[in-house]
Amino acid sequence: MKRSKNSILALIALLALHFGFGQTLVWDGAADNDFYNEANWVVEGTENRPEAGTLDAGAPIAFNLLLKNAAIDLSEGAPLSFASDEIGLTLRAGLFQLSSLSAGFIAITDTSTLILHASEPLGAEASLKLEDAHSWIKLLYVNPVEAAVGFISKITSEGLALTIGTDVLVNQYYYDGSLIRLKDANFKPLTLFDNAGQDGQAFYVPTDQVYGRTQFGSFENKATSFRLERGYMATMAIFQNGTGKSEVFIASEEPLEIDLPMALNNTVSFVRVMPWNWVTKKGASKFKEVGNTWTYNWNRTGESLPNMEYAPMAWGGDGATDAAVAQYIAKDNVTHVLGFNESDNCNGQSGQYGNLCQISVAVPTFKNLMRTGLRLASPSPREDGPLNNNWLVQFRDAAIEQDVRYDVLGVHWYDWGGNPVNTPFADAQQVFNRFKTYLTNVYNTHGLPIWITEFNANPNRDVSVHQAFLELALPYLESLDYIERYDYFEPMPDVAGNRDDITYARLFDDQGNITPLGEFYRDFQSTPSIPEATYAGSEFLSGLETKIPIRMTLSTNEIAEGQLITLTFTADRNVGAAETFSVSVSLGAEQYTLSAGSVTITEGTKTASITLRGVDDTLVEDLMTGTISLTNLSSGVEWTESPASFTLSSDDVEIPLSVDGKKKLGMYPNPTERFVTVAAETPIEQVGVFSLEGRELPNVSLTNNTLDLVYAEQGMYVIRVQLSGGDTINQLVYKK
């Protein structure tokens with residue numbers, strides 16, 4: 001009788017158990033990295049190695065295996081097979097690559113990755129168990145649509161079936177593949193720390209939420225370092241609406257651990273974390289399927305497909321409204337927003353509406369897109385827009401000045417500088433040479449990754465020129481590190497006046513059939529858009545790694561008795577968190593070093609001022625020089641100047657300066673014969689009375705807000721009052 005394959009496998013498993021081989025074999029890699037070498041395995045709970053022949057390539061394995069802390073590649077070998085669907089391998093904290101699994105199970109746990117290379121990666125008797133949100137399954141030649149239809153039913157977690165979008169994500173993995181990971185509401189891929197080096201108090205941020213002041217609570221403006229788990233993107237900004245100094249961080253294949261740049265250190269008030277999508281450079285507009293992994297359609301109405309990421313576009317000013325921002329945020333599997341379309345054209349495209357072609361309008365309008373927390377592409381101007389101090393150069397300079405971030409540069413190129421109207425059959429090599437020169441000049445001017453969202457050899461040129469041009473251009477674009485994405489834009493006959501002396505370049509004909517040009521574009525293999533395992537931002541905005549300089553100006557350099565002097569403090573840019581510091585006034589001898597008060601530059605502003613008044617006294621009749629300096633600055637700001645000086649003069653020169661306008665303290669009568677009343681807006685912690693030589697008078701205390709100077713001799717005294725909150729104010733009082 002002919003036995004079935006399942007019966008034979010079951011018999012092998014039963015025999016193995018009967019003869020005492022039911023234990024698990026544990027990998028220790030003692031001999032080498034050969035998976036089938038029994039010397040690399042030990043019987044669990046013993047020091048015994050399995051017998052020779054226990055593990056043979058291509059033969060069913062009758063033992064459970066535990067593969068931990070190892071990287072094994074069997075992708076070129078025979079499919080892995082176990083003797084029963086109840087027997088399999090547990091992958092723990094490791095990387096395991098196979099061609100396929102024909103029978104048995106593989107459990108993936110503890111931040112492991114299983115990579116299956118075959119187009120039919122799982123046999124009828126095979127299954128996978130995905131047990132934690134840190135672990136991945138990569139099917140390199142099964143796209144997300146195929147994975148959803150044919151393989152998700154073979155994957156469980158904790159014994160339960162999985163539902164796409166509810167408890168499992170199936171992402172595109174470049175062109176041919178898919179990446180499968182759990183969607184766990186308790187999984188928080190970003191951990192912020194209040195100390196450098198991922199140390200100190202931790203704060204956890206989940207996906208699919210915009211975190212601002214309310215969500216941060218007491219942790220706002222405390223982040224100093226972070227860990228971002230692999231497969232996620234995070235945007236951080238100093239203002240709770242996502243604007244101001246900001247940066248985008250990507251952990252593509254590995255976790256990203258860094259200390260925040262200085263401008264974000266202790267100033268983060270906005271975070272958004274999103275799952276990352278793995279796309280190639282090659283794109284196609286309007287959801288065409290020509291071997292591309294991303295698309296756009298000049299508006300924001302589309303949605304990402306399982307195997308094609310959608311990049312919405314803020315075509316014009318209406319694409320950057322609050323309502324549009326809400327739409328971008330609500331989209332699934334979207335990581336980028338494209339900026340305005342040819343907004344440099346005041347007579348056409350988006351630039352003709354709402355004065356968007358004016359830099360003073362375009363920059364603040366674009367700024368609103370930062371609220372999405374997405375990675376942003378700049379406006380894409382006409383061909384000459386990025387060069388020679390033209391529109392995009394001016395936009396860039398204004399954006400940097402106003403801390404308006406974009407992460408990649410959008411450009412269009414149609415070789416309009418190559419006299420295309422009169423050269424319909426131009427030499428493709430010359431067209432390509434101009435294309436190379438253009439890209440080099442653009443990159444040298446801006447230094448950012450480039451998205452070529454529209455390009456071709458020009459609508460006035462024959463399809464033969466386009467074909468030859470693409471044969472040169474596509475390999476070149478794939479070779480350039482700074483080219484992140486590109487999209488060949490089919491020429492529009494009406495742009496060329498519907499001329500009849502050429503054959504227009506098209507990817508599909510009128511019947512929807514792909515053309516030879518379309519086949520070439522489709523079959524050209526594209527490479528990852530961002531190949532790095534981690535990406536720590538483009539650093540477009542200036543000053544991310546420097547402290548904020550603060551400068552001080554005086555309203556005057558000379559004051560007389562009773563006059564005012566105003567100190568104005570100006571930061572180089574708006575501060576992301578309130579900056580409070582002390583203003584110290586020194587007048588000659590050490591005993592005259594007096595604290596004039598504190599100043600706060602409020603969040604989102606860059607200036608603050610304080611007004612000081614000379615206090616009358618009868619101490620000396622001379623000219624004194626005072627100096628003003630700043631102390632107690634936070635780690636994110638610095639005073640770059642030397643102490644400022646001024647002169648103080650009167651018949652009776654006053655020594656201290658007191659806060660005016662924000663007066664916190666009053667003393668009266670002054671002069672006094674005995675009693676002095678001290679009135680303060682905030683509670684008084686301590687009071688001391690000092691002679692001008694710095695000696696503290698004994699037996700003087702504050703009772704019911706009154707000082708009794710009965711034992712003080714006639715003369716001038718310094719009353720030093722310490723208020724709750726740390727402010728210390730010195731006031732001169734004359735005892736008759």
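This text follows the structure it describes.
Description of the structure in this document. (Residues numbered from 1 in each chain as written. Predicted model: local features only at pLDDT ≥ 70, side-chain atom pairs only at ≥ 80, totals over all residues. Heavy atoms only, no water.)

## A word on the overall build of the chain
Helix and strand counts for the chain stand at nine helices and 49 strands. Considering the chain as a whole, with its 736 residues, one finds that 53% of them fall into the buried category. A fraction of 64% describes how many contacts in the chain between residues 6 or more apart in sequence connect residues 24 or more apart. Counting every atom, the chain has about 31,300 Å² of accessible surface; 47% of that belongs to carbon and sulfur. (Helix = DSSP H or I, 4+ residues; strand = E, 2+ residues; numbered from the N terminus. Buried < 20%, exposed > 50% of the residue type's maximum accessible area, 1.4 Å probe, protein only. Contact = heavy atoms within 4.5 Å. Areas by Shrake-Rupley, 256 points an atom, 1.4 Å probe, with all protein chains shown as cover.)

## Focus on a nonpolar patch on the surface
A surface patch of nonpolar side chains, about 360 Å² in accessible area, is lined by Trp416, Val421, Met492 and Val495. By the secondary structure assignment, Trp416 is in the loop between strand 29 (409-413) and helix 7 (428-446). (Patch = residues over 30% accessible without salt bridge, like charges linked within 9 Å, V, L, I, M, F, W, Y side chains within 5 Å. Salt bridge = Lys/Arg side-chain N within 4 Å of Asp/Glu carboxyl O.)

## Some remarks on unusual backbone geometry
The peptide bond linking Tyr668 to Pro669 adopts the cis configuration, its omega dihedral lying at -10°. Its location among the elements puts Pro669 in the loop between strand 43 (665-668) and strand 44 (675-680). With phi around 50°, Glu342 is a residue other than glycine that occupies positive phi space. Within the secondary structure, Glu342 sits in the loop between strand 27 (336-337) and helix 5 (359-367). Despite not being glycine, Asp415 has its phi angle at roughly 55°, a positive value. Looking at the secondary structure, you find Asp415 in the loop between strand 29 and helix 7. Using a relative accessible area of 1% as the deciding quantity, one classes Asp415 as buried.

## Remarks on the pattern of salt bridges
If you walk through the whole model with that rule in mind, you get 23 salt bridges. Across the salt bridge formed by Arg227 and Glu229, the nearest N and O atoms sit 2.7 Å from each other. Of the residues examined, Arg227 reaches a relative accessible area of 26% and is grouped as partly exposed. Looking at Glu229, the relative accessible area reads 9%, which means it is buried. Notably, a salt bridge pairs Arg375 with Glu484, separated by 2.8 Å at the nearest N-O pair. Taken together, the residues span a long stretch of sequence, with Arg375 in strand 28 (residues 375-376) and Glu484 in strand 31 (residues 483-488) at a distance of 109 residues. Take Arg375 and Glu484: they sit in the same class, and that class is buried. Linked by salt bridges that have partners in common, Arg213, Glu220 and Glu603 make up one network.

## What to know about the pairing of strand 9 (residues 113-116)
Here strand 9 shows a buried face lined by Thr113 and Ile115 and a second buried face lined by Leu114 and Leu116. Direction of pairing for strand 7 (residues 95-98) relative to strand 9: parallel, over a ladder of four bridges. Pairing of Phe96 across the sheet is with Leu114, part of strand 9. The pairing of strand 9 with strand 11 (residues 136-139) spans four bridges and is classified as parallel. Among the inter-strand pairings, Leu116 is bridged to a residue of strand 11, identified as Leu139. (Pairing = 2+ DSSP bridges.)

## What about the packing of helix 8 (residues 463-479) against helix 9 (residues 516-523)?
At their nearest, the axes of helix 8 and helix 9 sit 10 Å apart, and the two run at 10° to each other. Considering their axes alone, helix 8 and helix 9 lie roughly parallel with respect to each other. Seen from helix 8, the contacting residues are Val463, His466, Gln467, Leu470, Glu471 and Leu474; seen from helix 9, they are Pro516, Leu517, Phe520 and Tyr521. Tallied by class, the residues present in the contact of helix 8 with helix 9 amount to seven nonpolar, two polar and one charged. (Axes fitted to C-alpha atoms, helices over the stretch in contact; angles between N-to-C directions. Parallel < 35°, antiparallel > 145°, perpendicular 65-115°, else oblique. Nonpolar A, V, L, I, M, F, W, Y, C, P; charged D, E, K, R; others polar.)

## Digging into the sheet that holds strand 48 (residues 715-723)
One open sheet accounts for three strands, arranged 45-48-49; its pairing is antiparallel. For this open sheet the edge positions go to strand 45 (684-691) and strand 49 (728-735), each flanked by a neighbour on one side alone. Recorded for the sheet is a direction-independent mean angle of 25° between the axes of neighbouring strands. Two strands pair when backbone bridges link them, and strand 45 and strand 48 are joined in this way by seven bridges, in the antiparallel orientation.

## Quick look at the sheet that holds strand 16 (residues 190-195)
Spatially, the four strands line up as an open sheet ordered 17-16-19-22, and their pairing is antiparallel. The open sheet is flanked by strand 17 (199-205) and strand 22 (256-259), the only strands paired with a single partner. In this sheet, adjacent strand axes meet at a mean angle of 20° when their direction is disregarded. As judged from the four bridges shared by strand 19 (residues 225-228) and strand 22, these two strands associate in the antiparallel manner. Directly across from Ser225, in strand 22, lies its bridge partner Asp259.

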